[in-house]
Amino acid sequence: DVKVTQSSRYLVKRTGEKVFLECVQDMDHENMFWYRQDPGLGLRLIYFSYDVKMKEKGDIPEGYSVSREKKERFSLILESASTNQTSMYLCASQTGISYEQYFGPGTRLTVT
Amino acid sequence: AQSVTQLDSQVPVFEEAPVELRCNYSSSVSVYLFWYVQYPNQGLQLLLKYLSGSTLVKGINGFEAEFNKSQTSFHLRKPSVHISDTAEYFCAVSDGGGSEKLVFGKGTKLTVNP
């Protein structure tokens, strides 16, 4: 079974802090994604990566950056956290054959 | 680019009743279609997928969905729901045009009452 793990389930940070969210997958997938999920808005794509060191902006990249130095690991970085970035963050990896995405358990981030 | 509409944001039903969660997408070009389920404080889990072939797709936990190309719909059904089916359900469609991204609907919260 594909496993996608995220470094934290719950995280509380202060405004202005730099925040790192880590995601690791164990199935050698090329594609990885970061989404944020807010009530009533569904999943919104922040960034995705289709190979090591390759990335592409999603629908809401402002205030975020990403890093993919190794195939299995995709990091989301909040350079200076703000309260409007309080949200659930979901990581996914994807097989290129069927486009099916496999999700991690999510990180609920609170910025105070 | 695709867009996905889940017509009901909340669906309350009684246990053992049938349920249909509706999903429409915007483009009739060749698509891959998915339904995911999210239990409270968890990630998304695949329920079922349509890639090609039979338009009636069966998934886990007794769910099924029907792909209707002419109506650009992919509605999810279960003939008899359980309390444990209470969750949020997301429809997703491949974005097309060579992109491997998925476009997600805003979700339908299914609440099964005793």
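Structure first, text after, so check above.
This structure is a prediction, so every number in the text was calculated from the model and none was measured.

About the thresholds
Residues numbered from 1 in each chain as written. Chains lettered and ligands numbered in written order. Predicted model: local features only at pLDDT ≥ 70, side-chain atom pairs only at ≥ 80, totals over all residues. Heavy atoms only, no water. Helix = DSSP H or I, 4+ residues; strand = E, 2+ residues; numbered from the N terminus. Rg over C-alpha atoms; globule rule 2.2 N^0.38 Å. Disulfide = S-S within 2.5 Å. Buried < 20%, exposed > 50% of the residue type's maximum accessible area, 1.4 Å probe, protein only. 1 Å grid on protein atoms, 1.4 Å probe; cavity = no way out; pocket = protein on both sides within 12 Å on 5 of 7 lines; lining within 4 Å. Points joined across faces, edges and corners; volume = space filled by probe spheres on them. Nonpolar A, V, L, I, M, F, W, Y, C, P; charged D, E, K, R; others polar. Core = buried A, V, L, I, M, F, W, Y, C linked by side-chain atoms within 4.5 Å. Salt bridge = Lys/Arg side-chain N within 4 Å of Asp/Glu carboxyl O. Contact = heavy atoms within 4.5 Å. Buried area = accessible area lost by both parts, 1.4 Å probe. Polar contact = N/O pair within 3.5 Å; in protein donor to acceptor, adjacent residues only side chain to side chain.

Enquirer: Give a description of the overall build of chain A that names residues and reports values.
Expert: A count of helical and extended segments in chain A gives zero helices and 11 strands. What you see in chain A, going N to C, is helices and strands ordered as β-β-β-β-β-β-β-β-β-β-β. Relative to the globule expectation of 13 Å for 112 residues, the C-alpha radius of gyration of chain A, 13 Å, shows essentially globular dimensions. For the C-alpha atoms alone, the extent of chain A along its principal axes is close to 40 × 30 × 25 Å.

Enquirer: Give me the state of the cysteines: which residues, what numbers.
Expert: Residues and elements named next belong to chain B. On inspection of all chains with the given rule, the structure shows two disulfides over all chains. In this model Cys 23 forms its disulfide with Cys 91; the gap between the sulfur atoms is 2.0 Å. Because the sign of the S-S torsion sets the handedness, a value of about -65° for the bond joining Cys 23 and Cys 91 places this disulfide among the left-handed ones. Separated by 68 residues along the polypeptide, Cys 23 in strand β4 (residues 23-25) and Cys 91 in strand β10 (residues 87-96) bring together distant segments of the chain. Judged by relative accessible area, Cys 91 falls into the buried class, the value being 0%.

Enquirer: An account of the layout of surface pockets is needed here, citing residue identities and associated values.
Expert: Reported here for the largest pocket is a volume of approximately 500 Å³. Every residue lining the largest pocket is counted, 27 residues in all, and those nearest its centre are Gln 37 and Pro 39 of chain A together with Gln 38, Glu 88 and Lys 109 of chain B. Broken down by secondary-structure element, the contributors of at least two residues to the lining of the largest pocket are β4 (31-38), β9 (87-94) and β11 (107-111) of chain A together with β10 and β12 (108-113) of chain B. Its residues placed into classes, the lining of the largest pocket shows nine nonpolar, 13 polar and five charged. Empty space within the second largest pocket amounts to approximately 330 Å³.

Enquirer: Please set out unusual backbone geometry residue by residue, giving values where relevant.
Expert: Residue and element names in this part refer to chain B. With a phi angle near 75°, Glu 16 is a residue other than glycine that sits in the positive phi range. The residue Glu 16 is located in the loop between β2 (10-14) and β3 (19-21) in this model. In the Ramachandran plot, Asn 61 falls in the positive-phi region, its phi being about 60° despite a non-glycine side chain. With respect to the secondary-structure elements, Asn 61 resides in the loop between β7 (56-58) and β8 (64-68). The class for Asn 61 is partly exposed, based on a relative accessible area of 41%.

Enquirer: Tell me about the nonpolar core, and please be specific about residues and values.
Expert: The biggest cluster of nonpolar side chains holds 29 residues, and the ones touching the most others in it are Leu 33, Trp 35, Leu 47, Leu 48, Phe 74, Leu 76 and Tyr 89 of chain B. When residues in this core are grouped by element, the largest group, four residues, is from β10 of chain B. Core analysis: the next-biggest nonpolar cluster, separate from the first, contains 20 residues, Ile 46, Ile 60, Phe 74 and Tyr 89 of chain A among them.

Enquirer: Before we move on, could you go through the pattern of salt bridges and cite the residues and values that matter?
Expert: Residues and elements named next belong to chain A. Under the counting rule described, the total for this entry stands at 13 salt bridges over all chains. As a salt-bridge pair, Lys 71 and Glu 30 come within 2.9 Å of each other at their nearest N and O atoms. Taken together, the residues span a long stretch of sequence, with Lys 71 in the loop between β7 (64-70) and β8 (73-78) and Glu 30 in the loop between β3 (19-25) and β4 at a distance of 41 residues. Relative accessible area serves as the criterion here: at 22%, Lys 71 is assigned to the partly exposed category.

Enquirer: Which residues make up the interface of chain A and chain B, and what values do they have?
Expert: In this complex, chain A contributes 24 residues to the contact, which on the side of chain B involves 21 residues. Approximately 1800 Å² of surface area, both sides summed, lies buried where chain A meets chain B, with 55% of it carried by carbon and sulfur atoms. One can count one salt bridge joining chain A with chain B. In this structure, the salt-bridge partner of Lys 49 of chain B is Glu 100 of chain A, at a minimum N-O distance of 2.7 Å. Remark: the boundary between chain A and chain B carries seven residue pairs in polar contact (both at pLDDT 80 or more). The set of elements that each furnish at least two residues to the side of chain A that touches chain B consists of β4, β5 (42-51), β9 and β10 (101-103) of chain A.

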